[in-house]
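# Structure assessment
Residue-level listing of the chains:
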Amino acid sequence: MKTLLLITMALLGGLSQAVRADDTVERGRYLSVAADCVACHTSPKQGKPYAGGYAIASPLGEIWASNITPSKSHGIGTYSEADFAKAVREGVRKDGAHLYPAMPYTSYAKLTDEDIHALYVYFMQAVAPVDEEAHATELPFPFSVRSSMAVWNLLFLDKKPFQPDPAKGAQWNRGAYLVEGLAHCSSCHSPRGLMMQEVGGKAFAGGSLGDWYAPNITSHPISGIGGWTDDELAQYLKTGRVAGKGQAGGGMAEAVTNSLSKLRDEDIRAIVTYLRTVPAVADKDATRAAFAWGDASTTPGEQAVRGTDAPLASGAVLYSGLCASCHGSRGEGSQDGYYPSLVHNSTVGMARPQNLVATIIGGIDREVDGEHVVMPHFSEGSFVQALSDADVAAVASYVRTSFGPGDQVTEAQVALIRDGGEKPLLAKIARLWLPLLILGLAAFIGGILLLRRAWKKRTQRRASA
């Protein structure tokens, strides 16, 4: 009887350990979803989870996501938990090479030891190893010198893990941990400084992502999300759309598809709770909330583009032929809401036309709970029609005038967005390194020659004296 009891206890103990292990793996899986790891580390073409091969567009060039499967030859299979933690929190690989902050380790630095452990267990035990080498990142000099990131980290990496605020409730603290850490919202929604660091004083005030613009999500009622209700914000995060407010596109559509739509409702509510308290930052160019523009009672195209006498005929023709069948002749959208209204639409009404142009050029593609939302792109290879920069400028001006702030979109603006958007000053300066190096060498050689000539003349004068 005693032997049977010992066997039973051993079996129960083993079962308990297995349950705890399963819980850790499941927790790690959920954390990886909240951190949106799969979006960057999975190629949309090969479809092997976490095997890398996805090009992250940055103002300094394409940064290719690495293989983070437990492959011992091409992934992180030889990483200890300490190696894994250093890569996630500090951006330093096992071999000592530095990662670029396109991998948002500046946010992941806030993760707790328990969550790092759960993530490590998940990746090592539940992710299938893929023995394939991911595409290597090759940024132009001087950004190709990865060791320079050590200096950048000294200046801009805060290694302190998240500390709950005892003056706030559990929901607020959970939201702060998700927004500031796992979901790394600030990495897209904050402006960047000269050295491509997040500008702390303007956290969540909006930031350019190349062709797309991540909008202001501070609590400001006009420039930010202060005019959205809690339910609307929660719905947007879970589905990527809210009638009369906006629809997710670009990187946000990816975040909704791969991460936010899969989070528990209580975590979505926690995110909303925290965002409500983010200090308001005003955008001087925003005179009205982006969703507040548009009036369906106005006949589209009646007024000229603000500040010009240019007719909107070409834009109206393009809109009628390419857009009206889905969005309606008056921008009202479809009755079932699948095709959104352009009236009271944040993409149309933003202070800058960047996202409207990016939508026309690149289209929309997101999927939530089996519902695939697609808007065709109008670039080369479009199954509808490829539009020139002039065509995109014309139809965007028509839409902005009919349903938005009424400004003109220029061909130059479209060309810039199509080319990846405005380049930061650091990238512009870096482009000059070769000419500056050549000029510096020429100046150095010229100086040597002048000194040599002066020395020769001086020697000759001494010889003749």
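### Quick notes on helix α5 (residues 113–125)
Across its 13 residues, α5 extends 18 Å between first and last C-alpha, which sits within 8% of the 18 Å expected from 1.5 Å per residue. Those residues of α5 that fall on the buried side of the exposure criterion are Asp-115, Ile-116, Ala-118, Leu-119, Tyr-120, Val-121, Tyr-122 and Phe-123.

### What about the nonpolar core?
With 57 residues, the main nonpolar core has Phe-84, Leu-111, Phe-123, Leu-182, Leu-263 and Ile-271 as its most contacted residues. Secondary structure elements with two or more residues in this core: α1 (2–34), α3 (81–90), α5, α7 (170–182), α9 (230–239), α10 (250–258) and α11 (265–275). Top element by residues in this core is α5. It accounts for seven residues. Dropping the residues within four chain positions of it, Phe-123 is found in contact with Ser-32, Cys-37, Tyr-50, Ile-68, Pro-70, Ile-76 and Phe-84. Ranked by size, the runner-up nonpolar core spans 28 residues in total, among them Leu-318, Ala-394, Tyr-398 and Val-414.

### Topic: unusual backbone geometry
Of note in this structure, Phe-204 is not a glycine but carries a positive phi near 70°. Position of Phe-204 among the secondary structure elements: in the loop between α8 (186–189) and β3 (207–209). The buried category is assigned to Phe-204, whose relative accessible area is 3%. A positive phi angle, close to 50°, is found at Asp-369, a residue other than glycine. Here Asp-369 shows up in the loop between β7 (364–368) and β8 (371–375).

### Focus: the pattern of salt bridges
Applying the stated criterion across every chain, the model contains 20 salt bridges. Among the ionic pairs, Asp-230 bridges to Arg-276, the shortest N-O distance being 2.7 Å. A residue pair is termed long-range when its members are at least 10 positions apart, and Asp-230 in helix α9 and Arg-276 in the loop between α11 and α12 (313–322) qualify at 46 residues. Taking relative accessible area as the criterion, Asp-230 reaches 38% and is therefore assigned partly exposed. In this structure, a network of salt bridges that share partners links the residues Arg-174, Arg-264, Glu-266 and Asp-267.

What counts and how
- Residues numbered from 1 in each chain as written.
- Predicted model: local features only at pLDDT ≥ 70, side-chain atom pairs only at ≥ 80, totals over all residues.
- Heavy atoms only, no water.
- Helix = DSSP H or I, 4+ residues; strand = E, 2+ residues; numbered from the N terminus.
- Expected span 1.5 Å × (residues − 1).
- Buried < 20%, exposed > 50% of the residue type's maximum accessible area, 1.4 Å probe, protein only.
- Core = buried A, V, L, I, M, F, W, Y, C linked by side-chain atoms within 4.5 Å.
- Contact = heavy atoms within 4.5 Å.
- Salt bridge = Lys/Arg side-chain N within 4 Å of Asp/Glu carboxyl O.

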